[in-house]
Amino acid sequence: MQGWILTHLERSPSTPLLLEACHARGHRCEVIHPRDCLVELCTGRVPRAATSGIIPDFVITKLGSTAPAYALGVVRALEAAGVVCVNDSVSLERARDKIRVTQELAAVGTPMPASLAPNRDMRAAKALDLLGGAPVIVKLARGTKGVGVMLCESRSALQSLMETLWGLGEEFLLQRAVTDSFGADIRVLVVGNRAVAAMRRSATNGDFRANLAGGGVAMPLTPTPEQCRIAEAAAARLGLAVAGVDLLDSASEGPLLIEVNSAPGLGGITLATGRDLAGDIVEFVEGAVQSSVATAA
């Protein structure tokens, strides 16, 4: 088959892993940036890439919450032309906003720290009262790799940060800090509604965040059945065929979901587990294409 890896993340370590996995399974595949795609809006034709002669049978999307809106338009056009996209445009749109993700998962009883999206008249004292006191986590609605995730340890710090973010026109949510899990979390990789790998991440610099991009380290982990259930259910609720689900392992509260990533990094978890996770994704894509062909026939 022929395919694209569609991504705006030009230096992502995941991209060469996916490209290598496609080639190893006999597929012709190229990396395409959304800005290089021509979308003829009224024709239904497959979008064309200025940098490639491939007409794709499949597209592996690596478009996280920071992807430009135009990128989702490219994915929608590909789908309208019958190209299998993993993840698809609907799930990418649903997962790119942390406020919406929290609402979607709360609706089905996913265990998460208490969260709220404050209105502009809310004072920090009221927010802290609703969340059970300081400290609290402030998250921009869109962000990845721990960027846009901040810790406020006092009422005055929270009030100042909220006013700053409102002044910048940012959307954000507040989340109760789970202090017994500071500096550590669990990433579960879900492919095709199945948890295929997990790692425990730990900060090395005293940060409350454990993201590898921020200097954290990773160790392989065999997730518990409950951790797998939470991760798989979250990916399914959002419609994500491939997802990185981040959990806290609180000693007092058990597993709590804190993030879902629609374009999970593969480099760190591949090194930690020693598993060919890009190959797992390509294998899933192959099955999705076969199912699509069978349905069309």
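Cut-offs and rules
Residues numbered from 1 in each chain as written. Predicted model: local features only at pLDDT ≥ 70, side-chain atom pairs only at ≥ 80, totals over all residues. Heavy atoms only, no water. Helix = DSSP H or I, 4+ residues; strand = E, 2+ residues; numbered from the N terminus. Rg over C-alpha atoms; globule rule 2.2 N^0.38 Å. Buried < 20%, exposed > 50% of the residue type's maximum accessible area, 1.4 Å probe, protein only. Contact = heavy atoms within 4.5 Å. Areas by Shrake-Rupley, 256 points an atom, 1.4 Å probe, with all protein chains shown as cover. Lys, Arg positive; Asp, Glu negative; His and termini not counted. Charge placed at Lys NZ, Arg CZ, Asp CG, Glu CD. Pairing = 2+ DSSP bridges. Phe/Tyr/Trp six-rings, centres within 6.5 Å; stacked < 30°, edge-to-face > 60°.

Visitor: Explanation requested: the overall build of the protein chain in the structure shown.
Guide: If you tally the helices and strands in the protein chain, you get nine helices and 15 strands. Here the C-alpha atoms of the protein chain give a radius of gyration of 20 Å, agreeing with the 19 Å that 2.2 N^0.38 yields for 297 residues. Oriented by its inertia axes, the alpha-carbon framework of the protein chain measures out at about 60 × 40 × 35 Å. Within the span of the protein chain, comprising 297 residues, buried residues form 51% of the whole. Excluding contacts between residues fewer than 6 apart, the proportion of contacts in the protein chain whose partners are at least 24 apart in sequence is 67%. Accessible surface, the protein chain as shown: approximately 13,400 Å² in total, 52% of it carbon and sulfur. Across the protein chain, 28 positive and 30 negative side-chain charges occur, with their mean positions spaced 3 Å apart.

Visitor: Would you take a moment to explain the pairing of strand β11 (residues 184-191) for this structure?
Guide: Regular strands show a simple pattern: their side chains alternate between the two faces of the sheet. Counting buried residues in β11 gives seven out of eight residues, a clear majority hidden from the surface. Note that β11 and strand β12 (residues 194-202) share eight bridges and pair antiparallel. From the neighbouring strand, Val-188 faces β12, where its bridge partner is Ala-198. Counted along the chain from β11 to the antiparallel partner β12, the turn is two residues long, and its residue Gly-192 has a positive phi close to 60°.

Visitor: Please explain the packing of aromatic side chains as it appears in this structure.
Guide: The geometry of an aromatic ring pair comes down to the distance between the two centres and the angle between the two planes. Evaluation of the coordinates by the stated rule reveals one aromatic pair. Ring geometry for Trp-166 and Phe-172: centres 5.8 Å apart, planes at 45°, overall tilted. By relative accessible area, Trp-166 is classed as buried at 11%. Classification of Phe-172 as buried rests on a relative accessible area of 4%.

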